[in-house]
Amino acid sequence: MTTKQQAKILIADDERAITDGLSAILSDEGYTVDVAVDGQKALERLSNDAYGVILADLKMPKLDGLALLKEMQQREIHTECIIITGQATVDSAVQAMRQGAYDYIEKPLNSEKLNRLKALIPKAVDKFVVKQTNRALTSELANLTHYGELTGQSEQMRSVYQLIEAVAPSTASVIILGESGTGKELVARALHAKSDREKGPFFALNCAALPKDILENELFGHEKGAFTGSTNEKQGAFELAHGGTIFLDEVAEMPTDIQVKLLRALESRQVRRLGGKREISVDIRVVAATNKDLEKALADNELREDLYYRLAVVPIYLPPLRERVGDIKLLANEFLIRYSRQNNKKVTGFDDAAWEWILSYNWPGNVRELKNAVERAVIMSRSSTIGAADIVPRHLRASGEIPAVVSVPVGSSLADAKRQLILRTFASTGGDLDRSAKLLGTSTGELRGELSRLLGPNGADGGGARPEKRPVSASPAKAKKEEPKAKKRR
Ligand SMILES: Nc1ncnc2c1ncn2[C@@H]1O[C@H](COP(=O)(O)OP(=O)(O)OP(=O)(O)O)[C@@H](O)[C@H]1O
Ligand SMILES: [Mg+2]
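This text gives an overview of the structure that appears in the document.

Procedures and definitions
Think of each chain on its own: its residues are numbered from 1, step by step along the sequence as written. Ligands are numbered from 1 and chains lettered from A, in the order in which they are written. Where local features are concerned, this predicted model is filtered to residues with pLDDT of at least 70; where side-chain atom pairs are given and counted, the filter is 80 or more; whole-chain, interface and lining totals use all residues. Just so you know, side-chain values use all the structure's heavy atoms and leave hydrogens and water out. For two strands to count as paired, DSSP must find a minimum of two bridges between them. The helix count covers DSSP runs of H or I at least four residues long, the strand count covers runs of E at least two residues long, and both are numbered beginning at the N terminus. Lines fitted to C-alpha atoms define the axes here, with helix axes fitted over just the stretch in contact, and angles between the N-to-C directions of these axes take values from 0 to 180 degrees. Only heavy atoms enter the contact rule, under which two residues are in contact if any of them lie within 4.5 Å. In this text, near means that some heavy atom of the residue lies within 4 Å of the molecule or strand in question. Throughout this description, a polar contact denotes any pair of N or O atoms lying within 3.5 Å of each other; where both atoms belong to protein, one of them has to be capable of donating a hydrogen while the other can accept it, and for residues adjacent in sequence the pair is counted only when both atoms sit in side chains. We get accessible surface area from the Shrake-Rupley algorithm with a probe of 1.4 Å; when it comes to residues, only the shown protein chains can shield them. Using a 1 Å grid laid over the protein atoms alone, points where a 1.4 Å probe fits but cannot get out form a cavity; open sets with protein on both sides within 12 Å along at least 5 of 7 lines form a pocket; any residue with an atom within 4 Å of a point counts as lining. Pocket or cavity membership: a molecule qualifies when more than half of its atoms sit within 2 Å of the grid points of that site. Note that the domain bounds reflect an automated or database-derived domain assignment. For Phe, Tyr and Trp, rings pair up if their centres lie within 6.5 Å, where Trp contributes its six-membered ring, and each pair is then called stacked (planes under 30 degrees apart), edge-to-face (over 60) or tilted (otherwise). The classification of residues rests on relative accessible area computed with a 1.4 Å probe and restricted to protein chains. Under 20% of the type maximum is buried, over 50% is exposed, and intermediate values are partly exposed. When a carboxyl oxygen of Asp or Glu lies within 4 Å of a side-chain nitrogen of Lys or Arg, that pair is called a salt bridge.

Overview of the sheet that holds strand E16 (residues 314-318)
Consideration 1: One open sheet accounts for 5 strands, arranged E9-E12-E15-E8-E16; its pairing is parallel. A strand with exactly one partner marks an edge of an open sheet, and here the two such strands are strand E9 (202-206) and E16. Pairs of neighbouring strands in the sheet enclose a mean axial angle of 20°, with direction left out of account.
Consideration 2: Relative to E16, strand E8 (residues 174-178) is paired through 5 bridges, and the arrangement is parallel. The partner of isoleucine 175 across the bridge, within E16, is proline 315.
Consideration 3: Across the sheet, helix H7 (residues 155-167) is in contact with E8, strand E15 (285-290) and E16; its angle to E16 comes to roughly 155°.
Consideration 4: Running over the sheet, helix H8 (residues 184-193) touches E8, E9, strand E12 (245-249), E15 and E16 and is turned about 155° from E8.

Here it is, written out as structure tokens:
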């Protein structure tokens, strides 16, 4: 579809000579053109029909150009506006641009002005189309609960999806930031899968896991005889990832002198094997990740700044799980289904106390910790429902961590309040009956009775949790919060 077919043009002016003249010229140019004789009529047309561009006179009866712009904004009409103005009103035209008009043209519309207008319109139409595509993308992704292998329906995850969708087709280097266990590797895989390199290799290298010499060898490979014992040549990660994506995990842990070599390879898109002279050209998309506090890593010269800017053309920040509580339930249910199936168990859900605990715990190990906790709970569970005692991670069994507040809205019944207090206390102790009874000022036997009424026969079962102290909340880990820059498609 050509630009001209994509967007209709509306001319709004009360001067017949201008509307007739412009209509004729723009129709000749191949555009579909409509005319409105005042601002009010223009607004009606804009509301009822989709126009890419409006040419609006600044001074019109009923609704002038500026007021029209304002109305358009309020009604979320995204048509690009080119203001036509008499010389005396150039100031207002400038104000119109501040208000979001695309550009303005001064009367009289002589041939020079008309040429300018003819050049301006396709650009305005392009802008309209790009913005429209991006809006479509936003609403397309607005209801997503999954993307690639990623699960999440929070606003934050949806903007991550949108960012991946927008940058995947390019070759821009991406750095993924976020605490451990937030899904950085899954994002890297999604970037690869959504790109046109999808059929090429995805090569992941953990820069923290390998000693320096081995890391260098893995990255760049070596020629035969490069060092004692190198009886064969070896391709490095760059060569192996040719035509695909290389994922440099924990990139801030890379020794500085290798960072220099990496930088050179990134700049020249060429690598030289250890002991080799030949420059080998590589076509790769580089995705890096780190869970480090980047500002600190840069300040401490652990990560070279020049390398950072090379890698971080587009940063994608993955928020910790505790900041997207909306995703916790979705993930927990999904992991439950996955691990029940894998372990051949008929576990179908979590009970209220388990949910209380799951939703209020702050998950310092993020999705990985949640996944492991659910897997363990499924394996341990002796009934079809997971109780608090099953789900609390082992290391927290002695120190349940949960907000110590129960909020009971006015209008709740006494039974409701009692129920909440009992469940929350029980959850906060990690499912410890004795300790919960003590906190509630009742006996273990009585609490067991209450709980089995509240939770059914399985909820209070499980044992094993023997909390002693409620700890201070775990310190939030320190990955630097970098808002992902919303990159527009195109
Ligand atoms: N949004 C998600 N949806 C489904 N699974 C997830 C999600 N995020 C993480 N996971 C799972 O949690 C685990 C950790 O994810 P991943 O390895 O991508 O984290 P990471 O950010 O790379 O952590 P680290 O910094 O420790 O390497 C993986 O098993 C992954 O499958
Ligand atoms: Mg990782």
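Things to note about the site of ligand 1
Consideration 1: Surveying the vicinity of ligand 1 reveals 17 residues, the closest of which are Thr151, Ser180, Gly181, Lys184 and Lys371.
Consideration 2: The backbone of threonine 182 places a nitrogen or oxygen atom 3.3 Å from an oxygen atom of ligand 1.
Consideration 3: Separating an oxygen atom of ligand 1 from a side-chain N or O atom of lysine 184 is a distance of 2.7 Å.
Consideration 4: Relative to its free-state accessible area of 630 Å², ligand 1 is covered by the protein chains to the extent of 87%.
Consideration 5: For ligand 1, the cavity whose grid points lie within 2 Å of the majority of its atoms is the largest pocket.
Consideration 6: Those elements that place two or more of their residues in the shell around ligand 1 are strand E7 (150-151), H8, helix H14 (325-342) and helix H16 (366-380).
Consideration 7: Split by domain, the residues of the shell around ligand 1 number at least three in each of domain 2 (146-319) and domain 3 (323-455).

Here's the deal with the packing of aromatic side chains
The geometry of an aromatic ring pair is captured by the separation of the ring centres together with the interplanar angle, meaning the angle of the planes.
Consideration 1: Tallying each qualifying case throughout the model produces 8 aromatic pairs.
Consideration 2: With a centroid separation of 4.7 Å and an interplanar angle of 55°, the aromatic rings of phenylalanine 350 and tryptophan 355 are classed as tilted.
Consideration 3: On the accessibility criterion, phenylalanine 350 (8% relative accessible area) is buried.
Consideration 4: A ring pair is formed by tryptophan 357 and tryptophan 363, whose centres lie 5.5 Å apart and whose planes are at 80°; its orientation type is edge-to-face. Both residues of the pair, tryptophan 357 and tryptophan 363, belong to the buried class.

Regarding the pattern of salt bridges
Consideration 1: Counted according to the given criterion, the structure contains 29 salt bridges.
Consideration 2: Across the pair lysine 41 and aspartate 38 runs a salt bridge whose closest N-O atoms are separated by 3.9 Å.
Consideration 3: Using a relative accessible area of 39% as the deciding quantity, one classes lysine 41 as partly exposed.
Consideration 4: Judged by its relative accessible area of 5%, aspartate 38 is buried.
Consideration 5: One salt bridge in this structure joins arginine 116 and aspartate 103, with 3.8 Å as the shortest N-O distance. Of this pair, arginine 116 sits in helix H6 (residues 111-141) while aspartate 103 sits in strand E5 (residues 103-106); the two residues are 13 residues apart in sequence, bridging distant segments of the chain.
Consideration 6: Taking the relative accessible area as the measure of exposure, arginine 116 reaches 37% and is therefore partly exposed.
Consideration 7: Assessed through its relative accessible area of 17%, aspartate 103 is described here as buried.
Consideration 8: Because the salt bridges share partners, they merge into one network encompassing Glu223, Glu233, Glu239, Arg273 and Arg278.

Functional significance is not addressed by these values, which are geometric in nature.
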